[in-house]
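Next come the chains, spelled out residue by residue.
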Amino acid sequence: MSGPGAPGGGHIPVFLYHAVMEDPPAWIAEFTVTPKEFAAHLDAIVDSGMTPVTISALAGHLAGRAPLPPRPVLLTFDDGFADLPGPTAEALAERGLPATAYLTTGAIAPGGRSLLPPAPMMTLDAVAGLERAGMEIGSHTVTHAQLDTLSGRDLARELRESKEVLEDALGHPVRHLAYPHGYNSAKVRASSARAGYETATAVRHALSSDRDERYRIARLIVRRAHTVTDVEAWLAGGGVRVAPYRDGPKTVAWRWYRRGRAVLRGPEFAG
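Notes on the structure follow. (Residues numbered from 1 in each chain as written. Predicted model: local features only at pLDDT ≥ 70, side-chain atom pairs only at ≥ 80, totals over all residues. Heavy atoms only, no water.)

### Structural notes on the overall build of the chain
Counting its secondary structure elements, the chain contains nine helices and 12 strands. Against the compact-globule benchmark of 18 Å for 271 residues, the chain has a radius of gyration of 17 Å, which places it among compact chains. C-alpha extents for the chain along the principal axes are approximately 50 × 40 × 35 Å. In the chain, buried positions account for 54% of the 271 residues. (Helix = DSSP H or I, 4+ residues; strand = E, 2+ residues; numbered from the N terminus. Rg over C-alpha atoms; globule rule 2.2 N^0.38 Å. Buried < 20%, exposed > 50% of the residue type's maximum accessible area, 1.4 Å probe, protein only.)

Now the structure itself:
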């Protein structure tokens with residue numbers, strides 16, 4: 001399978017990064033890369049000859065509005081750790097690489113509340129600077145809860161309030177969402193569309209494609225154990241599945257287990 005604007009075989013790598021730092025808190029260490037490793041990943045992307053784009057470009061293609069450039073690749077960042085508006089944004093800008101940052105507003109806004117454990121985070125007043133540096137801004141909800149376990153009312157609040165906070169900071173609409181830890185369901189996807197989001201990204205640790213679902217875009221979650229060789233393999237379309245594909249029985253069973261636990265314990269951190 002191949003499609004217009006997509007790499008050979010129709011695959012589209014969408015990388016998911018979290019923190020880029022030397023000494024991360026233990027809870028996020030698995031999903032953290034060092035600045036040296038990050039630079040090597042970015043250099044591999046540049047050397048690949050692929051075309052970096054933001055999620056808006058992929059959204060336009062999936063909606064049939066505009067073709068993607070040849071061999072697209074996307075860089076995304078979740079949560080809003082303190083490195084993002086500093087050395088991480090600088091490393092991207094030095095190489096002319098656009099990116100999309102999905103921010104957990106309860107963790108970065110003054111007086112905000114989130115379920116994220118303690119960590120060095122950026123602040124809301126740095127969001128406009130991220131955009132000026134070439135990053136597109138999207139929502140990662142208010143509290144980083146497991147969205148597929150929430151009541152309809154709580155789900156709507158997570159989607160609406162995070163969007164509003166970012167729109168107030170930027171002065172324009174925010175159209176894109178990332179589900180915390182990728183947790184979603186048909187109800188969550190429908191609610192995201194009703195809330196005014198044009199796309200939503202999951203995780204899935206798979207390659208996206210020119211046939212992917214707009215409200216369940218697959219991403220490749222980058223862990224500290226991943227090497228430049230892994231990055232190069234994903235860029236070439238190897239080593240992982242290609243979306244879209246249906247959820248497997250284990251994913252469905254895990255969702256029902258978490259929903260039952262949420263009834264007893266209340267909203268829980270998605271991580």
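### Some words on the environment of H205
Among the structural elements, H205 can be located in the loop between β10 (199–204) and β11 (208–209). Other than its neighbours up to four places away in sequence, H205 contacts R219, L220, I221, H226, W234 and V240. (Contact = heavy atoms within 4.5 Å.)

### Here we look at the packing of aromatic side chains
On inspection of all chains with the given rule, the structure shows five aromatic pairs. Pairing F15 with W234 gives two aromatic rings, centres 5.9 Å apart and planes at 50°, and the pair type is tilted. Taken together, the residues span a long stretch of sequence, with F15 in strand β2 (residues 14–17) and W234 in helix α8 (residues 228–235) at a distance of 219 residues. We classify F15 as buried; its relative accessible area is 0%. Owing to a relative accessible area of 4%, W234 belongs among the buried residues under this scheme. Here Y17 and F38 contribute two aromatic rings whose centre-to-centre distance is 5.2 Å and whose plane-to-plane angle is 85°, an arrangement assigned as edge-to-face. With Y17 in strand β2 and F38 in helix α1 (residues 35–48), the pair connects residues that are 21 residues apart, well separated along the chain. With respect to burial, Y17 and F38 carry one shared label: buried. Among the aromatic side chains, those forming a connected cluster through ring pairs are Y17, F38 and F77. The positively charged end of R204 is found above the aromatic ring belonging to Y245, 4.1 Å away from the centroid. (Phe/Tyr/Trp six-rings, centres within 6.5 Å; stacked < 30°, edge-to-face > 60°. Lys NZ or Arg CZ within 6 Å of the ring centre and 35° of its normal.)

### Concerning unusual backbone geometry
When glycine is set aside, most residues are seen to have a negative phi, and most peptide bonds are trans. The omega torsion across A243 and P244 is 10°, close enough to zero to call that bond cis. Locating P244 in the fold gives a position in the loop between α8 and α9 (249–265). Even without being a glycine, T141 presents a positive backbone phi close to 75°. Its location among the elements puts T141 in the loop between β8 (135–139) and α6 (152–170). Residue T141 is classed as buried on the basis of its relative accessible area of 0%. Positive phi outside glycine occurs at H205, with the angle close to 45°. Residue classification places H205 among the partly exposed positions, given a relative accessible area of 25%.

### Points about the pairing of β8
Burial runs high along β8: five of the five residues are buried. Residues of β8 alternate between two faces, with M135, I137 and S139 on one and E136 and G138 on the opposite face, all of them buried.

### A short note on helix α3 (residues 84–94)
Buried residues of α3: L84, G86, T88, A89, A91 and L92, and no others. Against β3 (19–20), α1, β6 (72–79), β7 (99–103), α5 (127–132) and β8 lie the buried residues of α3. A positive backbone phi angle near 65° is found at G96, which sits one or two residues after α3.

### Some details on the side chain of T149
With respect to the secondary-structure elements, T149 resides in the loop between β8 and α6. Residue T149 is classed as buried on the basis of its relative accessible area of 15%. A polar atom in the side chain of T149 sits 2.8 Å from the backbone oxygen of Q146. T149 has contacts with R258, R259 and A262, leaving out every residue within four places of it along the chain. (Polar contact = N/O pair within 3.5 Å; in protein donor to acceptor, adjacent residues only side chain to side chain.)

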